[in-house]
Amino acid sequence: MNFITPDTLYLCVDQGGHASRAIVFNHEGEMVSSAYCDVSTHHPAEYFVEHNPDEVIASIKNSIEQVLEKLGDKKNHIVTAGLATQRSNIVCWNKKTGEALSPIISWQDRRNHKWLEQFEDKNEYIHKRTGLFLSPHYGASKLRWCLDNIPEVQAALENNTLAFGPMSSFISYHLTKEKFLLADPVNASRTQLWNLKTHSWDNELLELFNIPLDALPFCVPSIHVYGTMELAELNIPLRLVTGDQSAAMYAYGQLQPDTAYINTGTGAFLSRSSGPLALYSRRLLTSLIFRDSELKGGSQNHFVLEGTVNGAGSALEWLNNQYPDTNLFKQLPGWFDEVETPPLFLNAVSGLAAPFWLPGFESKFDRDANVKEKSVAIIESIIFLLRTCLDEMCKLHSPPEQIQVTGGLASYDELNQRLADISGLPVYRPTECEATARGTAYLLADHPAHWPEQDAGTWFEPVDNSELQNRYDIWMTLMTEEMRR
């Protein structure tokens, strides 16, 4: 690690579903400069969700160029860089030329769910080895689909020029001059092919899904020499690669044992730290969020129990597409006051995840309603799904004393208040809710003891809300009835 000075800067790249961001922080956790570039999402068929690989790489490079230009001479104080990406996205490419051989297949994509059904009797076996449940959201079925359906991928496999795996590996390959083929543990673990205990690809799972080991990147820790980024006459070492949700948990320093963390974006993710111990729940994920080098002393691994809600921002976007003339994202705060009794929404947008795990479940409202009522119903469905995950978490983990919320949907006061009411816990929203890049900077800075918020955030204290509780009870009954059909 470079010597730290008051001028030390960290370059953090956050590649998300809608945009690529480059944000620079100093060693005090202050944002110094930022830039972003939009990224498009494509839905070429039912269950298909894709990004263009060339567009994604170009968007990252564009955002980095912008932020370095804004910094001027200060850019010379950047000592290292980190990359955080969507965890379950995969892509195939030519390991000699770098040419993409497939689209980036999003974590939301479920195109191969039917193929995956043949392994349902292996669910518990897979969970124990990977921390994940059998699901088309994770990488294994997507990689198998590429092998079975894309001639360029098949040809590259035969010619020994195929590389595939986490999108993060593809991005780090293209950002660095050395062109290493490396996989960080967080993103590798979301392929459903990575073993939580051995910290490497699982040969038995590779055989089960018929995935060739030779095409996968080499597994390394989160902090590693991923290569050198040559930018604006600078040579910046890429020292950290991780997942967006994992980085977000570190936005305000070391994880607190009494806090449940929720980060909202395209999905909503509820996590609770279990430190170096991997806890296993029947209906929640066991997720590795950071792995340090084994050359360092002490514990190298940090685990969480995780509940995933796939239909958060994506559910609102799904509704907005049905009402294209209504910008519901801007109007939603006012609609909370106007809608007293919203309908109930059985939310399976992008697939029903924790704690139910039913990818074929169909979304539906319990009655006809207008766009205002439906929007509020979607927000409540997100809260209800998070509540079910929290209840499941408390069966294995001591109840938390508070919830911290970050991400785009955390800007809605009423979402936070209803979350507090339905959980019975105070909810804290930091002033800066874009947590992924800030958490990346914290990890790059080697977990500094002093990593404060610059301004105090907002607390939402729980109040008695019997009507909301009643809607939750009815919603849970409807969900249970639908699952039995």
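Above this text sits the structure in question.
(A) Focus on unusual backbone geometry. The linkage connecting Ala-354 with the following residue, Pro-355, adopts the cis geometry, with an omega of -5°. With respect to the element layout, Pro-355 can be found in the loop between strand E19 (345-346) and strand E20 (364-365). The backbone phi angle of Tyr-47 is positive, close to 75°, even though this residue is not glycine. Along the chain, Tyr-47 turns up in the loop between strand E3 (31-38) and strand E4 (50-51). Given the relative accessible area of 31%, Tyr-47 is considered partly exposed. Unlike most non-glycine residues, His-447 shows phi in positive territory, near 55°.

(B) Molecular detail of the packing of helix H11 (residues 328-338) against helix H12 (residues 371-393). Relative to each other, H11 and H12 sit at 90°, their axes nearing to 9 Å. Classified by the angle between their axes, H11 and H12 sit roughly perpendicular to one another. Across from Leu-328, Leu-332, Trp-335, Phe-336 and Glu-338 in H11, the residues of H12 making contact are Val-371, Lys-372, Ser-375, Val-376 and Ile-379. A breakdown of the residues in the contact of H11 with H12 according to their chemical character gives seven nonpolar, one polar and two charged.

(C) Representation of the nonpolar core. Counting 63 residues, the largest nonpolar core has Leu-270, Leu-332, Ile-378, Ile-379, Ile-382, Ile-403 and Trp-475 as the members making the most contacts within it. Among the elements that make up this core, the one with the highest residue count is H12 (13 residues). The residues touching Leu-332, leaving out its near neighbours within four places in the chain, are Leu-316, Ser-375, Val-376, Ile-379 and Tyr-412.

(D) Looking closely at the pattern of salt bridges. In this structure the tally under the stated criterion is 19 salt bridges. The partner of Asp-202 in a salt bridge is Arg-129, and the shortest N-O contact between them spans 2.7 Å. Remark: Arg-129 occurs in helix H3 (residues 123-130) and Asp-202 occurs in the loop between strand E11 (200-201) and helix H8 (203-209); sequence separation between them is 73 residues. By relative accessible area, which is 21% here, Arg-129 ends up partly exposed.

(E) Just the sheet that holds strand E2 (residues 19-26), in detail. With mixed pairing, the six strands of this open sheet are ordered in space as E3-E2-E1-E5-E14-E13. With partners counted over all chains shown, the strands left at the sheet margins are E3 and strand E13 (223-231), one partner each. Averaged over neighbouring strand pairs, the angle between their axes works out to 25° when direction is ignored. Sheet topology note: the strand E1 (residues 9-15)/E2 ladder contains seven bridges and is antiparallel. When the sheet's bridge partners are listed, Cys-12 is paired in E2 with Ile-23. Along the sheet, helix H1 (residues 53-71) makes contact with E1, E2, E3, strand E5 (78-85) and E13, crossing E3 at roughly 150°. Relative to the sheet, helix H6 (residues 167-175) contacts E1, E5, E13 and strand E14 (234-243), its axis offset from that of E5 by approximately 150°.

Definitions and cut-offs
Residues numbered from 1 in each chain as written. Predicted model: local features only at pLDDT ≥ 70, side-chain atom pairs only at ≥ 80, totals over all residues. Heavy atoms only, no water. Helix = DSSP H or I, 4+ residues; strand = E, 2+ residues; numbered from the N terminus. Buried < 20%, exposed > 50% of the residue type's maximum accessible area, 1.4 Å probe, protein only. Axes fitted to C-alpha atoms, helices over the stretch in contact; angles between N-to-C directions. Parallel < 35°, antiparallel > 145°, perpendicular 65-115°, else oblique. Contact = heavy atoms within 4.5 Å. Nonpolar A, V, L, I, M, F, W, Y, C, P; charged D, E, K, R; others polar. Core = buried A, V, L, I, M, F, W, Y, C linked by side-chain atoms within 4.5 Å. Salt bridge = Lys/Arg side-chain N within 4 Å of Asp/Glu carboxyl O. Pairing = 2+ DSSP bridges.

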